[in-house]
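# Tertiary structure, described
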Amino acid sequence: MELELETKKQPTRFNRLGLFSQSLFIFILLTLIGSAIGCKSSEFQSEQWQAEVKLEEPVVQDLGNYYALATTYDFLQGKSERRLTNNVYQEFLLNLSSQDVLTAFLAQHEIVKKYASDHKQLVEAVLPHFIEGFASVLPKYNDSSNATFTWQNAEQAKILLNDYIQFAGVKARESLNGELITKWKVLFQQVKFSAENQLGAVLQGDQIAQQDWNGKLNLMRAVQPLDDKLVPYRITQSVTVKKAQAQNQIYWGLCGGVIGVLLALLFIGFSRVGRQSV
């Protein structure tokens, strides 16, 4: 009789298989339920819209009179021709990816001010919400880049991204023009002084060469003044807007799935403890 009782207490292979199947079923069921609840809960989140614009390096026509002055400066300095359009584009990308430039842009924009007013907060307090949406606006330093902005209002997302591209472009133009003007003034004074004092030959690179200072001075005077037509980028596709809800569904679905897995593990663990105590 005692032997029979001990045999009944020991789980058979069939019982173990049944327990495993039951645990696996519960594990899969709770995981699926968690994922479904997560995906469904994403529908109650505020809709997100992603604005996107495609950019690339500008061409010579986009540089305005900046190209004429910059190439003339290089010529007078005896420098070989550089990839001027690429240098201009890199300066634009530097401004586009600058946290300071982005903050300055958002702080003065009417959409941001209205959002702060509607939520009865200071502009500085709501800036992080907008900066987070611009997290993917920082493109890589290559010949073609996409900049995006995600926000809860489709029209505002489009306006903010479009305005920020222009704002960063103006900042880049101011920086490029300011640097060129400073270098041009210094060179002009040097050439003017050399022409008036007939300096003659000077060291250029590693060679001494005769210089036509009057010719250089006349060339610098003949160049048209720097204008404000420099555009340091080219838009290959205007700003488009699409729903970013699919990404939220994936995120919340994964979160729900993870919660389901944890609940399943806890349930299975408690079930085993209960059976062992019987």
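Note that the structure is predicted; figures quoted are calculated from it, not measured. Along every chain, residues carry numbers that run from 1 in the direction the sequence is written. Where local features are concerned, this predicted model is filtered to residues with pLDDT of at least 70; where side-chain atom pairs are given and counted, the filter is 80 or more; whole-chain, interface and lining totals use all residues. Think of the side-chain values as coming from all heavy atoms in the structure, minus any hydrogens and water.

So, about the overall build of the protein chain. The numbering of helices and of strands both runs from the N terminus, where a helix is a DSSP run of H or I of at least 4 residues and a strand a run of E of at least 2. On a plain count of helices and strands, the protein chain comes out with ten helices and five strands. Sequence-distant contacts in the protein chain: of pairs separated by 6 or more residues, those separated by 24 or more amount to 80%. Per element, the accessible surface of the protein chain, about 17700 Å² overall, is 58% carbon and sulfur. Whether two residues are in contact is decided by their heavy atoms: any pair within 4.5 Å suffices. Here the accessible surface of atoms and residues is derived via Shrake-Rupley with a 1.4 Å probe, and residues count as covered only by protein chains that are part of the display.

Let us now look at unusual backbone geometry. Even without glycine at this site, K120 takes up a positive phi of about 55°. The residue K120 is located in the loop between α6 (110–118) and α7 (123–133) in this model. Each residue's exposure class comes from its accessible area (1.4 Å probe, protein chains only) as a fraction of the maximum for that residue type: buried when under 20%, exposed when over 50%, partly exposed otherwise. K120 gets classed as exposed once you look at its relative accessible area, which sits at 75%.

A few words on the packing of aromatic side chains. One pair of aromatic rings is described through two measures. These are the centre distance and the angle between the planes. In summary, the pairing rule links any two rings of Phe, Tyr or Trp, Trp by its six-membered ring, whose centres are within 6.5 Å, and it sorts them by plane angle into stacked for under 30 degrees, edge-to-face for over 60 and tilted for everything else. If you walk through the whole model with that rule in mind, you get ten aromatic pairs. Their ring planes at 65° and their centres at 5.3 Å tell us that Y115 and W151 sit as a pair that is edge-to-face. Highlighted residues: Y115 in helix α6 and W151 in strand β2 (residues 144–151), separated in sequence by 36 residues. In this pair, the class of Y115 matches that of W151, namely buried. Seen from their ring centres, F134 and F149 are 4.1 Å apart, and the 20° between their planes marks the pair as stacked.

A separate point is the pattern of salt bridges. By definition here, a salt bridge exists when the distance from a side-chain nitrogen of Lys or Arg to a carboxyl oxygen of Asp or Glu is within 4 Å. Taken as a whole and judged by the stated rule, the model has six salt bridges. In this structure, E47 engages K243 in a salt bridge whose closest nitrogen and oxygen atoms are separated by 3.0 Å. Linking E47 in the loop between α2 (13–42) and β1 (49–56) with K243 in strand β5 (residues 234–243), this pair joins segments that are 196 residues apart in sequence. A relative accessible area of 45% means that K243 is categorised as partly exposed. As a salt-bridge pair, D62 and R234 come within 3.1 Å of each other at their nearest N and O atoms. In this pair, D62 is assigned in the loop between β1 and α3 (66–76) and R234 in strand β5, connecting sequence segments 172 residues apart. Judged by its relative accessible area of 16%, D62 is buried.

Moving on, we come to the packing of helix α5 (residues 99–108) against α7. Packing of α5 against α7 leaves a shortest axis separation of 10 Å and a crossing angle of 120°. Taken together, the axes of α5 and α7 lie oblique to each other. Every pair of crossing elements has a handedness; the one defined by α5 and α7 is right-handed. Counting all contacts with α5, which are made through Q99, L102, T103, L106 and A107, the residues of α7 involved are V123, L127, F130 and I131. Throughout, an axis means a line fitted to C-alpha atoms (over the contacting stretch in the case of helices), and angles, computed between N-to-C directions, take values from 0 to 180 degrees. An angle counts as roughly parallel when it lies under 35 degrees, as roughly antiparallel when it exceeds 145, as roughly perpendicular when it falls between 65 and 115, and as oblique in every other case. Helix crossings get a hand from a simple test, with the near helix turned counterclockwise from the far one by less than a right angle marking a left-handed crossing and a clockwise turn marking a right-handed one.

Before going further, it helps to examine the side chain of T72. With respect to the helices and strands, the residue T72 is situated in helix α3. Classification of T72 by relative accessible area gives buried; the value is 13%. With near-sequence residues (within four places) excluded, T72 lies in contact with W184, L219 and V223.

So, about the confidence of the model for the protein chain. The predictor attaches a confidence to each residue, called pLDDT, with possible values from 0 through 100. For the protein chain, per-residue confidence averages 79 on the pLDDT scale, and 64% of positions sit at 70 or higher. Within the protein chain, the lowest mean pLDDT, 46, falls on helix α1 (residues 2–9), and the highest, 96, falls on α6. Low pLDDT, under 50, characterises residues 1–10; the predicted model gives this stretch zero contacts beyond four residues in sequence or across chains.

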